[in-house]
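Take a look at the letters that make up each chain.
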Amino acid sequence: MRKILVLSSLFILVSTSSCKRNIVRGKIAEKAMVVSAREEASKIGQTILKNGGNAFDAMLGVDLALNVVYPFAGSIGGGGFMVYRMNNGTSGSLDYREKAPAAATRDMYLDSLGNVIPDKSTLGAMAVGVPGGIAGIFEAHAKFGKLPIADIIQPVIDLARNGVPVTENQAKRLKNQQEKFLQVNDSNFFLAKDFKNGDIIKYPKLAETLTLLKDKGPQEFYTGETAKKLAAFMREAGGIITEEDLANYKPAWRDPVVFDYDDKKIISMSPPSSGGVCIAQIMKMIEPYDIDKFGHNSAKTIQVITEAERRAYADRSFFLGDPDFSEIPMNELTSSAYLADRMSNFSFDQATTSESVSHGTINMTAESMETTHYSIVDQFGNAISVTTTLNGAYGSKLYCEELGFFLNNEMDDFSSKPGVPNMFGLIGAEANSIAPGKRMLSSMTPTIVEKDGKLWMVVGTPGGSTIITSVVQTILNVHEYKMGMQEAVNAARFHHQWLPDVITFEPDAFSAELLQELKDKKYIINENRTPIIGKVDAILVLEDGTLEGGADPRGDDAAAGF
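Residues numbered from 1 in each chain as written. Predicted model: local features only at pLDDT ≥ 70, side-chain atom pairs only at ≥ 80, totals over all residues. Heavy atoms only, no water.

- Per an unreviewed UniProt entry, the protein is named Glutathione hydrolase proenzyme, and its organism is Spongiivirga citrea.
- Quoted verbatim from the Pathway (unreviewed entry) field of the UniProt record, the comment on the protein reads "Sulfur metabolism; glutathione metabolism."
- The UniProt entry for the protein carries the following text under Subunit (unreviewed entry): "This enzyme consists of two polypeptide chains, which are synthesized in precursor form from a single polypeptide." (UniProt positions renumbered as here; feature names shortened; annotations may be inferred.)

See the structure below:
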C-alpha cells in the first residue's frame with residue numbers, strides 16, 4: 001500500500017485503506033488545449049485556435065498576452081525557448097535566448113580585487129541582456145503561422161488598454177518588490193504602489209508598443225523607433241545595450257535533445273538551455289532502477305532521483321554554455337556508458353556528498369525562478385512547449401515606461417566569476433563565461449514526449465534551477481506512477497542541484513518520518529520554509545485521444561480548450 005503525499009494546503013490525494021485511487025483530472029478538451037500562467041492568456045490562445053489558427057498563431061497571442069497579465073515574467077524584455085512537434089511527427093526547437101551586449105566583458109561584474117559586485121548583475125540597467133522575445137515569437141509565426149498578425153495581436157492590445165484584474169498572488173508579488181522597483185525606477189512608478197485583489201491595472205504604453213508591432217512587425221522592435229527609444233532608455237539608465245545590439249539580434253533554430261526513456265521518446269531543448277541535456281542525464285541514470293516499485297516519493301525513489309540530479313548538475317556547471325562559443329560534448333554526456341559510470345559509486349546505504357562529486361571525465365578540446373511556461377496542442381495535432389523569462393522577479397526591476405515593459409536581468413545567468421554561485425545558487429565555469437554576443441546558459445526545459453510514435457505529453461515550468469527537476473518528476477509521475485496530468489502537476493516535489501548540498505522539499509508535503517529516514521543516511525535537508533518548486537503547465541493526450549490540461553495550482557495558472 002502506498003501513500004501519495006501532496007501539498008496539504010492545496011489538495012488532498014491520500015490512499016490509505018484501498019488500492020483504488022481517485023485520479024484527479026484537469027480540464028478536458030476534445031480538440032485543442034492551452035495551459036498558461038493566467039486564464040486571460042490561455043483564453044486568448046483558445047480563441048485564436050477556435051478562429052482557425054494553429055499552435056504557432058496561439059503562441060504569438062499567448063506570449064504577448066502574458067506581458068499584460070503576467071509582467072512578472074513577460075518576455076518582450078526577455079527571451080526564451082520553444083520546442084515543437086508537428087502533426088506529421090517532425091520536431092525542432094527555436095532559441096531566442098537573450099545575448100550579452102557587444103560592450104560586455106568577461107569581468108564586468110567584478111571589483112578591482114576580483115570580487116563579484118553585489119546586485120550589479122541582477123538589479124538595474126547593467127544586468128540586462130539583449131532581448132530576444134519579440135524576435136522569437138515572430139520568427140515562429142513567420143515559419144509556421146496561418147492567421148494575419150493583426151488578427152492575433154489586436155485582442156492583446158485591447159486587453160492592455162482595458163486593463164486586467166490583480167490576483168491575490170500578483171498583489172503579493174508586487175508588494176514584495178516595491179523597494180527594488182524604487183531603487184531603479186522613478187519614485188512615482190505606477191507598479192510600486194499597494195495593490196489588492198481585484199484592482200484593475202491598465203497598460204496604455206504597452207498597448208502603443210503592441211500596436212506598432214502589429215502594424216510594422218518585429219523589425220520595429222530591433223531597428224525601428226521602438227529600438228531607438230529602448231537604446232536611449234538603456235543609455236540614460238546606465239546600461240550598455242545599443243541600437244547596434246538590437247539590430248544584430250537573431251534567433252536560432254536548433255536541433256532539440258532527443259532520447260528514449262523506457263518506451264517514451266523525449267524531445268527537449270538543447271544548449272544554451274541546459275534543460276534537455278540534464279533531463280536526459282537524470283532520466284537515463286534513473287532508468288535502471290525500479291522506482292515504480294519503490295513507490296512515489298518514497299525514500300529509495302528520492303535517493304535515486306537526488307543522486308542522479310547531483311551528478312547532472314555537477315556536469316552542467318562545467319560543460320554547458322552557448323554552443324556557438326563552446327564545444328559541448330552532448331553525445332558523450334548522454335551516453336549510457338558514461339552515465340552508468342557516473343552512478344557507479346551510488347549506494348542506498350548512504351548519501352554521496354557533493355564535495356566528492358565533480359564533473360565527469362570527458363576527452364574534449366578546450367536561469368529563473370521567475371520564468372513562465374505555456375503548453376499548446378492545436379486541433380490539427382501540432383504541439384509546442386514554450387518557456388520564457390526575465391530571469392528574476394520582474395527581471396532587473398527596470399521598467400521602460402515609454403514602451404511599457406520590464407527588462408530582464410539575464411546577465412546574471414552567466415558565470416560572473418567561475419565557482420561563484422548566481423542568484424539561484426548555480427555554479428558556473430569557463431563554458432558559461434561572459435563574452436560579447438554570447439547567450440547565457442539557462443535551465444529552461446520546454447519538453448514534448450511521444451508514446452508509440454504519437455504525441456503524448458507537452459510539459460514545462462518556471463522555477464530557475466528547479467525547472468529541470470520539476471519537469472523530470474512530472475514526467476515520472478505520469479509514466480511510472482500512472483497519474484493523470486493534473487494529479488502529476490499537483491504532486492509534491494523536491495530538488496537537488498549539486499551545490500549547495502541539500503535536498504529542498506516543498507513545505508508540509510513530506511512526512512517527518514520520511515525526512516528522518518533520509519537524514520539517517522546523511523542527506524542534508526533544507527528545513528526552512530522554501531518557495532514553491534516549479535509551476536508546471538502541461539497537457540496529456542489520453543487513451544481516447546482527448547486532451548487533459550494540468551494547470552499548476554501553486555499559481556494563477558489555467559487551462560482553456562475546446
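## A few points about the sheet that holds strand β17 (residues 503-505)
Phase 1: Read from one edge to the other, the open sheet built from three strands follows the order β16-β17-β18, with strand pairing classed as mixed. Looking at the sheet topology across the chains shown, the edges are occupied by β16 (494-495) and β18 (525-526).
Phase 2: Relative to β17, β16 runs antiparallel, the two sharing two bridges. Across the sheet, residue histidine 495 finds its bridge partner in β17, namely threonine 504. (Pairing = 2+ DSSP bridges. Helix = DSSP H or I, 4+ residues; strand = E, 2+ residues; numbered from the N terminus.)

## Some thoughts on the UniProt feature "binding site: L-glutamate" (unreviewed entry) in the protein
Phase 1: Feature annotation in UniProt places "binding site: L-glutamate" (unreviewed entry) on Arg97, Thr389, Leu390, Asn391, Asp413, Ser442, Ser443 and Gly464, given in this structure's numbering.
Phase 2: Relative to the helices and strands, threonine 389 is located in strand β11 (residues 383-389).
Phase 3: On the accessibility criterion, threonine 389 (0% relative accessible area) is buried.
Phase 4: Mapped onto the fold, glycine 464 is located in the loop between β15 (454-459) and α16 (467-479). (Buried < 20%, exposed > 50% of the residue type's maximum accessible area, 1.4 Å probe, protein only.)

## Some remarks on the pairing of strand β10 (residues 371-377)
Phase 1: The buried count for β10 comes to seven of seven residues, which makes it a mostly enclosed element.
Phase 2: Burial of the side chains of β10 extends over both faces: Thr371, His373, Ser375 and Val377 are buried on one face and Thr372, Tyr374 and Ile376 on the other.
Phase 3: Bridging between strand β2 (residues 33-36) and β10 involves three bridges; their strand directions are antiparallel. Its bridge partner lying in β10, valine 34 is registered against isoleucine 376.
Phase 4: Pairing analysis gives seven bridges linking β10 to β11, with the strands arranged antiparallel. Paired with threonine 372 across the bridge in β11 is threonine 388.
Phase 5: Between β10 and β11, which follow one another and run antiparallel, lie five residues, and glycine 381 among them has a positive phi close to 95°.

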